[in-house]
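# Secondary and tertiary structure notes
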Amino acid sequence: MKDNRTQFATRLGVIATTVGSAVGLGNIWRFPYEAGVHGGGAFLIIDLFFIFIIGVPVVCAEFIIGRHTGSNIRGAFRALAPGKPWGLVSYIGLAASVLILSFYSVVAGWTMHYTVKSAGGFTARMTADALHAQFDTFASSDVLPVVWTLVFLAVNYFILSRGVRKGIERMSNILMPMLFVILLLFTVNSLTMPGAAEGMRFLFMPDFSAITPSVVLGAMGQAFFSLSLGLGCLITYSSYFKRDTPLLRTSLITAGLDTLVAILAGIIIFPAVFTFGQEPAAGPKLVFEVLPSIFANMSGGAVWSTLFFLLLFLASLTSTISMAEITIAYFEEEFGMSRKTATALSIGIAMTLGMLCALSFGALDGIKIFGMTLFDLFDYTSSNILLPVGGMIISVFVGWVLDRSVVKGELTAGGGRITAMGVRCVVFCLRWLAPVCIGLVFLYGLGVV
Ligand code: PFF
């Protein structure tokens, strides 16, 4: 590791930034709508399997690569396997990060719009139908969603160009704890709604007949997306870890908190869905249509609504800065660009593609590739294909190719916090379990076998 490289300042900083990357729209927007489309409880169980049995070891694999090399994703593979094709996985990661940043910024732009509208008290006394119509009109218009996408990405530029410690770490330390507190408050509120029992049944009672190959593929994609896994985001972040950061513990805390937030989001959303007679399978609009109904029926709804969307926006921000950091570190270290130029380039690409995604709910909704709009295509291709393929390659690389002493050294760095048995378990998952499971799901889900 290069001595002069930036590192996160504190343990809290490591957890806050890594959890900050993992927790975002993936938990509060994407998880409820995917679970809603795919039958609730059954989706949740498969998601949990992928997060803890497959995800955690692969998170460790990314951490091992990142911290050991202290490098961007391309440089990391060049250092570990010079002249070998393993480094090609970096291009999968770079492509995925650009695609995700583009469509994610559109939804983050929606959260900004809703923050501003909430502050004006827009939900007061509106019926659920009126709130739906309002969302549809907004999302399909040609100007506002594009403007908000660009504003959101400009905020990213501002923070990212300030660098790792000042920008990223300081912000995450404050935001993440706030988000947890407000989620807990909303959870309690939802549990007192008339539709609470039905909502909880939907989320927690698995209906195994709902499981199809595409549900399993969707749950695997959700697990990778939610953990920011498979595209080198965690390689990049762990390149800023200190030598004594415990990797397995950090990955377990990240997965645990990430799952907790997704489940809380489900407990907030589904009771409201059934209370207000809405459709759980509404897709990407779900959260933006259901949440305002909750606020419209609460006393002080405008304040709660503003606070909620503000925190959702901020949680998105801690995730998008981690996505953008992948390409920024790459441009800086591989092409010798300044931090500002590298940031401008990464954000500029996302702005261009983000505008197209924003318009795919309106002016460009007729453009379909494989039957999907650009927004859906970017989401599906990155989450369900690129991330699992990237994760599988990373897992095989660390399990089979990387010197075992490196793996063991990184996992036990900082004073043997993990037993020999623990190391063996992680290696077993990386060698066999993760590649085989990902490979099978992938082939079945895509209908190849
Ligand atoms: N994990 C983030 C979320 O759940 O919102 C999304 C994400 C962040 C995906 C960073 C990929 C990434 F590199």
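Presented here is a report on the structure given in the accompanying data block.

A tally of helices and strands in the protein chain yields 18 helices and 0 strands. Relative to the globule expectation of 22 Å for 449 residues, the C-alpha radius of gyration of the protein chain, 21 Å, shows essentially globular dimensions. For the protein chain, with 449 residues in total, the buried portion stands at 59%. Contacts in the protein chain between residues at least 24 apart in sequence constitute 83% of all its contacts with a sequence separation of at least 6. For the protein chain, the accessible surface area stands at approximately 16100 Å², while carbon and sulfur atoms represent 68% of it. Side chains of the protein chain give 27 positive and 23 negative charges; the mean places of these two sets differ by 12 Å.

Time to look at the packing of helix α2 (residues 25-37) against helix α13 (residues 286-296). Taken N-terminus to C-terminus, the directions of α2 and α13 make an angle of 105°; their axes are 9 Å apart at the nearest point. Relative to α13, the element α2 is oriented roughly perpendicular. Taken together, the residues of α13 that come into contact with α2 (itself represented by I28, W29, P32 and Y33) are L286, V287 and F288. The class makeup of the residues in the contact of α2 with α13 is 7 nonpolar, no polar and no charged.

The biggest cluster of nonpolar side chains holds 148 residues, and the ones touching the most others in it are W29, W110, L291, V398 and L411. Looking at which element gives the most residues to this core, the answer is helix α14 (residues 301-335), with 16 residues. Leaving out residues up to four positions away in the same chain, L291 has contacts with I268, I269, F308 and F309.

Here we take up the site of the ligand. Lining the immediate surroundings of the ligand are 15 residues, of which A22, G26, Y104, F225 and S228 lie closest. L25 is positioned such that a nitrogen or oxygen atom in its backbone is 3.2 Å from an oxygen atom of the ligand. In the model, an oxygen atom of the ligand is placed 2.8 Å from a nitrogen or oxygen of the G26 main chain. For the ligand, whose free accessible area comes to 340 Å², the fraction covered by protein is 100%. Within the residue set of the shell around the ligand, elements represented by two or more residues are α1 (11-22), α2, α10 (213-226) and α14.

Between its terminal C-alpha atoms helix α18 (residues 420-445) stretches 36 Å, which fits the 38 Å expected from 26 residues at 1.5 Å a residue. Residue C429 marks the point of greatest curvature in α18, where the axis turns by about 45°. Immediately downstream of α18, the backbone of G447 shows phi near 75°, a positive value.

It is the contact of helix α3 (residues 41-69) with helix α12 (residues 247-275), at a shortest axis distance of 9 Å, that shows an interaxial angle of 145°. Classified by chirality, the crossing of α12 by α3 is right-handed. For the pair α3 and α12, contact is made by L44, L48, I51, F52, V56, V59, C60, F63, I64 and R67 and by L247, L248, T250, S251, L252, A255, G256, D258, T259 and I263, respectively. Class assignment of the residues belonging to the contact of α3 with α12 gives a composition of 14 nonpolar, 4 polar and 2 charged.

Our focus in this paragraph is a nonpolar patch on the surface. Taken together, the side chains of W400, V401, F428, W432, V436, L440 and Y444 present a nonpolar region at the surface, about 710 Å² in accessible area. Elements that contribute at least two residues to the nonpolar patch include exactly α16 (374-401) and α18. If one sorts the elements of the nonpolar patch by residue count, α18 sits on top with 5 residues. The topology assignment puts F428 in helix α18.

On the secondary structure map, A281 appears in the loop between α12 and α13. Taking relative accessible area as the criterion, A281 reaches 38% and is therefore assigned partly exposed. Sequence separation of A281 and G40 is 241 residues, and the distance between their C-alpha atoms is 9.5 Å. Discounting chain neighbours no more than four positions away, the residues touching A281 are G36 and V37.

Procedures and definitions
Residues numbered from 1 in each chain as written. Predicted model: local features only at pLDDT ≥ 70, side-chain atom pairs only at ≥ 80, totals over all residues. Heavy atoms only, no water. Helix = DSSP H or I, 4+ residues; strand = E, 2+ residues; numbered from the N terminus. Rg over C-alpha atoms; globule rule 2.2 N^0.38 Å. Buried < 20%, exposed > 50% of the residue type's maximum accessible area, 1.4 Å probe, protein only. Contact = heavy atoms within 4.5 Å. Areas by Shrake-Rupley, 256 points an atom, 1.4 Å probe, with all protein chains shown as cover. Lys, Arg positive; Asp, Glu negative; His and termini not counted. Charge placed at Lys NZ, Arg CZ, Asp CG, Glu CD. Axes fitted to C-alpha atoms, helices over the stretch in contact; angles between N-to-C directions. Parallel < 35°, antiparallel > 145°, perpendicular 65-115°, else oblique. Nonpolar A, V, L, I, M, F, W, Y, C, P; charged D, E, K, R; others polar. Core = buried A, V, L, I, M, F, W, Y, C linked by side-chain atoms within 4.5 Å. Near = heavy atom within 4 Å. Polar contact = N/O pair within 3.5 Å; in protein donor to acceptor, adjacent residues only side chain to side chain. Expected span 1.5 Å × (residues − 1). Bend = angle between axes of the 7 residues up to and from the residue. Left-handed = near helix turned anticlockwise from the far one by under 90°. Patch = residues over 30% accessible without salt bridge, like charges linked within 9 Å, V, L, I, M, F, W, Y side chains within 5 Å. Salt bridge = Lys/Arg side-chain N within 4 Å of Asp/Glu carboxyl O.

Note that every value here comes from positions in space, so none of it alone points to a role or purpose.
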